[in-house]
Amino acid sequence: AVTRTFSIIKPDATRRNLTGGVTKMLEEAGLRVVASKRIQMTQEQAEGFYAVHKERPFFNDLVSFMISGPVVVQVLEGEDAVKRNRDVMGATNPADAAEGTIRKTYAESIEANSVHGSDSDENAAIEIAYFFKPEEIVG
Ligand code: CMP
């Protein structure tokens, strides 16, 4: 089925002017950008977005990194969008990511790993609603 997922182009990628490069790989994987905006996340926004990780040892560093520069938040649409996006992103740690994936191509480290993508349809809906009003999404 055609579904939606949520994506973030992270500060390591915007800093290196890779918004287009990442988006091209998403599009070539069969995903369509149906909403997109470049934002500077606040600390509160980043903490809320990653609340599920708040007990993890990397939480504070993760939040600091995500507010260290602009990000591009996007809604992506396509056949099995969550899985399609996870496949093109590659493993969280670029050292484990397959050839041809976004993280293998662009990521610097497990933290500065260029992209975030939702891990389920349920979380995709929550994450999309965290950053976008319904009328900002044009399919
Ligand atoms: P993301 O999909 O945005 O979700 C949580 C993020 O935490 C993850 O991508 C990684 O970039 C980041 N992170 C930093 N350190 C770790 C770690 N040791 N294990 C897992 N994720 C980590």
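Scroll up for the structure.
Reference entry: report on the structure contained in this document. Since the structure is predicted, the reported quantities are computational estimates derived from the model, not experimental observations.

Parameters at a glance
Residues numbered from 1 in each chain as written. Predicted model: local features only at pLDDT ≥ 70, side-chain atom pairs only at ≥ 80, totals over all residues. Heavy atoms only, no water. Salt bridge = Lys/Arg side-chain N within 4 Å of Asp/Glu carboxyl O. Helix = DSSP H or I, 4+ residues; strand = E, 2+ residues; numbered from the N terminus. Buried < 20%, exposed > 50% of the residue type's maximum accessible area, 1.4 Å probe, protein only. Core = buried A, V, L, I, M, F, W, Y, C linked by side-chain atoms within 4.5 Å. Contact = heavy atoms within 4.5 Å. Near = heavy atom within 4 Å. Polar contact = N/O pair within 3.5 Å; in protein donor to acceptor, adjacent residues only side chain to side chain. Areas by Shrake-Rupley, 256 points an atom, 1.4 Å probe, with all protein chains shown as cover. Nonpolar A, V, L, I, M, F, W, Y, C, P; charged D, E, K, R; others polar.

Think of it this way: side chains of opposite charge can pair up when their charged atoms draw near. Using the criterion set out here, one finds seven salt bridges in the structure. Residue glutamate 77 is joined to arginine 4 by a salt bridge in which the shortest nitrogen-to-oxygen separation is 2.9 Å. Linking glutamate 77 in strand E3 (residues 71-79) with arginine 4 in strand E1 (residues 2-9), this pair joins segments that are 73 residues apart in sequence. Judged by its relative accessible area of 19%, glutamate 77 falls in the buried class.

A separate point is the nonpolar core. The biggest cluster of nonpolar side chains holds 22 residues, and the ones touching the most others in it are Phe6, Ile8, Met41, Met66, Val73, Phe131 and Phe132. When residues of this core are traced back to their parent elements, those giving at least two are E1, strand E2 (32-39), helix H3 (43-49), helix H4 (59-66), E3 and helix H7 (121-131). Ranked by residues supplied to this core, first place goes to H4 with five residues. Beyond its immediate chain neighbours, meaning those up to four positions away, valine 73 contacts Phe6, Ser7, Ile8, Ala35, Ser36, Lys37, Ile39, Phe131 and Phe132. Counting residues in hydrophobic clusters, the runner-up holds 15 residues, among them Leu18, Leu26, Ala81 and Val88.

Further remarks concern the site of the ligand. Near the ligand, the surroundings consist of Lys10, Tyr50, His53, Phe58, Leu62, Thr92, Arg103, Ile110, Glu111, Asn113 and His116. Between the ligand and isoleucine 110, the relevant distance is 2.7 Å, taken from an oxygen atom to a main-chain nitrogen or oxygen of the residue. Interatomic distance of 3.2 Å between a side-chain N/O atom of asparagine 113 and an oxygen atom of the ligand. In isolation the ligand exposes 460 Å². Once the protein is present, 77% of that is buried. A breakdown of the residues in the shell around the ligand according to their chemical character gives four nonpolar, four polar and three charged.

None of the figures reported here should be taken as evidence of function without further support.
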